[in-house]
Amino acid sequence: MARSLVIKVTAGADAPERCNQAFTVAAAALASGVSVSLWLTGEASWFALPGRAKEFSLPHAAPLSDLLDAVLTAGKVTLCTQCAARRDITVDDVIEGVRIAGAPAFVEEVTAEGVQALVY
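Residues numbered from 1 in each chain as written. Predicted model: local features only at pLDDT ≥ 70, side-chain atom pairs only at ≥ 80, totals over all residues. Heavy atoms only, no water.

A. Geometry of the pattern of salt bridges. By the definition in use, this model includes three salt bridges. The residue Glu109 makes a salt bridge to Arg99 at a minimum N-O spacing of 2.6 Å. Of this pair, Glu109 sits in helix H5 (residues 103–110) while Arg99 is found in strand S4 (residues 98–101), placing the two residues 10 residues apart along the sequence. Relative accessible area serves as the criterion here: at 11%, Glu109 is assigned to the buried category. Through salt bridges with shared partners, a single network forms among Lys76, Arg99 and Glu109. (Salt bridge = Lys/Arg side-chain N within 4 Å of Asp/Glu carboxyl O. Helix = DSSP H or I, 4+ residues; strand = E, 2+ residues; numbered from the N terminus. Buried < 20%, exposed > 50% of the residue type's maximum accessible area, 1.4 Å probe, protein only.)

Here it is in structure tokens:
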């Protein structure tokens, strides 16, 4: 059975190293052939909006926009329903390929057989 990885990133520009680490691990896992689902929650929710990842900068780190593009291309990206609502983000606002889903979908993903969940 193939293993998969669900990564929940709660940090954004408020904790740049933790935020970038989550995106880096997601992209590295995909490059290694691991199935990845990346959940944007808390301050990371803003990266579901066009152009926001390009604004993020961290010295000696891969550009967040490149990492996000890699996950959108080969994995799955989900924006937390409640996090989106608290920020007035709607399905019409998000980058193409980002879905909005809530806790039931997250629980379903992380409790599936062969899944490893990480929270940053």
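What follows continues from the structure just given.
B. Expanded view of unusual backbone geometry. Phi at His60 is positive, roughly 65 degrees, even though this residue is not glycine. Counting through the fold element by element, His60 comes out in the loop between helix H2 (52–55) and helix H3 (64–74). Exposure remark for His60: the relative accessible area of 88% places this residue in the exposed category. The backbone phi angle of Asp88 is positive, close to 55 degrees, even though this residue is not glycine. Relative to the assigned elements, Asp88 resides in the loop between helix H4 (81–86) and S4.

C. Spotlight on the pairing of S4. Inspection of the sheet shows strand S3 (residues 76–80) paired to S4 by four bridges, in the parallel sense. Bridge assignment links Cys80 to a residue of S4, and that residue is Ala101. A crossover links S3 with its parallel partner S4, the connecting element being H4, and its sense is right-handed. (Pairing = 2+ DSSP bridges. Right-handed = clockwise from strand over helix to strand, strands pointing away.)

Just geometry here; none of it tells us what the structure is for.
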